[in-house]
Amino acid sequence: MTKLFQTHTSVHDPASSLAQRQAARMQSYQLMLGLVFTGQLMSFGALYLLPAAATSAWIALLLQWAPFLLMRLLGRWLSATAPENAADTLRYRVAAGGMALLFFSNMNVSLLSLVELTHVFFFPGAARWLLALPAALALGIGIPASPNAVPNTARLLRWFLAAAFLFCAATVIPTGEVGFLFPIWGYGARHTLRCALRTAGSVWAAGALAVVMPREPDPHPIKSTFPSLICIGLTALFFLCCAFVLPGSELSARWGYAPRLQLLMEMSPNTLSWSLMLMAEMLLFLTAFSVCADLMRRSLCLAFRTQGLPLLPFTLLCVPLALRGMGESEQLLQRLLPWRLPMAAALMGICLAGNLRRKGKKP
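Keep in mind it's a predicted model, so treat the numbers as computed, not measured.

Caption draft 1: Quick look at the overall build of the chain. In terms of helices and strands, the chain carries 17 helices and zero strands. On C-alpha atoms alone, the chain measures out to a radius of gyration of 22 Å, which is about the 21 Å that the 2.2 N^0.38 rule sets for 363 residues. When its C-alpha atoms are laid out on the principal axes, the chain stretches across 75 × 50 × 45 Å. Residue pairs in contact within the chain that sit at least 24 positions apart in sequence constitute 88% of those at least 6 positions apart. Summing over all exposed atoms, the chain offers an accessible surface of approximately 16,400 Å²; the carbon and sulfur share of this is 69%. Here the chain contributes 28 positive and 13 negative side-chain charges, whose respective centroids are spaced 13 Å apart.

Caption draft 2: Highlighting the layout of surface pockets. By volume, the largest pocket amounts to about 470 Å³. Those elements giving two or more residues to the lining of the largest pocket turn out to be helix 2 (14–53), helix 7 (149–172) and helix 10 (226–245). Per-class residue counts for the lining of the largest pocket are 13 nonpolar, four polar and three charged.

Caption draft 3: The arrangement of the packing of aromatic side chains in detail. Evaluation of the coordinates by the stated rule reveals six aromatic pairs. Summarising the aromatic geometry, the rings of Phe 44 and Tyr 48 are spaced 5.4 Å apart at their centres and angled 45° between planes, so their arrangement reads as tilted. Of the two residues, Phe 44 and Tyr 48 are both situated in helix 2; the distance of four residues between them amounts to about one turn of the helix. Exposure class is identical for Phe 44 and Tyr 48. Each is buried. Measuring from ring centre to ring centre gives 6.2 Å for Phe 165 and Phe 238, while their planes differ by 70°; the resulting arrangement is edge-to-face. Of the two residues, Phe 165 sits in helix 7 while Phe 238 sits in helix 10, which places them 73 residues apart along the sequence. Comparing Phe 165 with Phe 238, the two get one shared label, buried. Aromatic rings pair up to connect Phe 165, Phe 238 and Phe 239 into one cluster.

Caption draft 4: Spotlight on the side chain of Ser 202. Among the structural elements, Ser 202 can be located in the loop between helix 8 (189–199) and helix 9 (209–212). If we ignore the near neighbours within four places in the chain, the residues touching Ser 202 are Phe 37, Gln 40, Leu 41, Phe 44 and Arg 340.

Caption draft 5: Structural context of the packing of helix 4 (residues 65–81) against helix 17 (residues 340–361). Closest axis-to-axis distance for the helix 4/helix 17 pair is 9 Å, and the angle between their directions is 25°. With respect to their mutual orientation, helix 4 and helix 17 come out roughly parallel. As for the relative orientation of helix 4 and helix 17, their crossing is left-handed in sense. Where helix 4 abuts helix 17, its residues Pro 67, Met 71, Leu 74, Gly 75, Trp 77, Leu 78 and Thr 81 lie against Leu 341, Ala 344, Ala 345, Met 348, Cys 351, Leu 352, Asn 355 and Leu 356. Residues belonging to the contact of helix 4 with helix 17 are distributed by class as follows: 12 nonpolar, three polar and no charged.

Caption draft 6: Structural view of a nonpolar patch on the surface. A cluster of nonpolar side chains, Trp 129, Leu 130, Leu 133, Leu 137, Ile 141, Leu 316 and Leu 323, forms an exposed patch at the surface whose accessible area comes to about 620 Å². A per-element tally of the nonpolar patch places helix 6 (residues 129–142) first, with five residues.

Caption draft 7: Focus on helix 10. The terminal C-alpha atoms of helix 10, which comprises 20 residues, lie 29 Å apart, in line with the 28 Å expected from a rise of 1.5 Å per residue. Taken across its 20 residues, helix 10 has 14 buried, putting it largely inside the fold.

Basis of the calculations
- Numbering of residues starts from 1 in every chain and runs along the sequence as written.
- Two thresholds apply to this predicted model, a pLDDT of at least 70 for residue-level local features and 80 or more for giving and counting side-chain atom pairs, whereas whole-chain, interface and lining totals are computed over all residues.
- To obtain the side-chain values, all non-hydrogen atoms of the structure were used and water was disregarded.
- The secondary structure listing takes helices from DSSP runs of H or I that are at least 4 residues long and strands from runs of E that are at least 2 residues long, numbered from the N terminus.
- Between the two quantities, the radius of gyration covers C-alpha atoms and the globule rule is 2.2 Å times the number of residues to the power 0.38.
- Two residues qualify as a contact provided that any one of their heavy atoms is within 4.5 Å of a heavy atom in the partner residue.
- Surface accessibility in these figures is a Shrake-Rupley result with a 1.4 Å probe; residues are shielded only by whichever protein chains are displayed.
- Note on charges: Lys and Arg go in the positive column, Asp and Glu in the negative column, and His and the chain ends are not counted at all.
- Note that the charge is assigned to NZ on lysines, CZ on arginines, CG on aspartates and CD on glutamates.
- Method remark: on a 1 Å grid restricted to protein atoms, a set of points is classed as a cavity if a 1.4 Å probe fits but cannot get out and as a pocket if it is open with protein on both sides within 12 Å along at least five of seven lines; lining residues have an atom within 4 Å of a point.
- Grid points are joined across faces, edges and corners, and a volume is the space filled by probe spheres set on the points.
- Classification used: nonpolar for Ala, Val, Leu, Ile, Met, Phe, Trp, Tyr, Cys and Pro, charged for Asp, Glu, Lys and Arg, polar for all others including Gly.
- Think of it this way: a Phe, Tyr or Trp ring, Trp meaning its six-membered ring, pairs with another when their centres are within 6.5 Å, and the plane angle makes it stacked under 30 degrees, edge-to-face over 60, tilted otherwise.
- The classification of residues rests on relative accessible area computed with a 1.4 Å probe and restricted to protein chains. Under 20% of the type maximum is buried, over 50% is exposed, and intermediate values are partly exposed.
- Angular values range over 0 to 180 degrees, each being the angle between N-to-C directions of two axes fitted as lines to C-alpha atoms, with helices fitted over their stretch in contact.
- With respect to orientation, any angle under 35 degrees is reported as roughly parallel, any angle over 145 as roughly antiparallel, any angle of 65 to 115 as roughly perpendicular, and every other angle as oblique.
- Two helices cross in a left-handed way if the nearer one is turned anticlockwise from the farther one by less than a right angle. They cross in a right-handed way if the turn is clockwise.
- Residues with no salt bridge and a relative accessible area higher than 30% make up the patches, which join like charges within 9 Å and nonpolar side chains (Val, Leu, Ile, Met, Phe, Trp, Tyr) within 5 Å.
- We define a salt bridge as a contact between a side-chain nitrogen of Lys or Arg and a carboxyl oxygen of Asp or Glu at a distance within 4 Å.
- For a helix, the expected span equals 1.5 Å multiplied by the residue count minus one.

Now the structure itself:
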């Protein structure tokens, strides 16, 4: 009688259940990375791209699809060749340590942007340490260790962030002028391509999951690419709206980092748009900081073969850059941040070379 009523459907199949959980987890992390790309592109766009490329900044951002897809392909190749004990090999542990350093750089940029916005628009007369230190303490203590907490938060915020950006763009478009979009290529196609190449350091993490979670296959590689592509496209739309509202001479003016971050918001006559944009950007940097902190912790756990690490010491290490401010750190960040993409590619290349060499030695 027991055999008569026993079922072997995919619902009760342990392998299928595991595959479904892995697919859901991978989809969540791809969404998280999309929000990280948005925050990093916004930050580097306000830091360097907008004043350097002016009316063609949105084209330079759209071109980020190319390095993103290349890093994704490299990550797919790395995942396909990963051995069963990939997480225990020295090359993966070294690469995970390097990825942790790169995620830490994202954390620094996110906290710095958050402090800049808070300091300029809310507490211009306050000491910076009164803003940076409490934020770092709250984030270091408040980010949970649960593997699902940060992905669930990112999933809830994505609709609000997209709606806020699109609403702000809709309120600004009626005040624009088509003539402001010209010249389309800004200071020239070659210059725009150089700007896009430097900006590519903001999408370095496109293939990082292949190192951080080497045995987590992505069952839907094409579908999981869409969230990040959409996030990059929305960021380009933001800069396109900026070009539609102001002439190139104003876009390239040295207004300061925080006003450039809020350029679209500042030009909107709608109070609700002003509030939504500020709230959306602050939530974006908070979420990006949390996502990068979570992935940094995963990278360090892989590198040092440990089960868990406290985040508070690492969030506090982000405070010095926030205290220094963007004004003093601008030149340093412009030189260092573009190198994140080649560094990530090199780390993945080390793992891939080891995988292929090991595979070639098998009889």
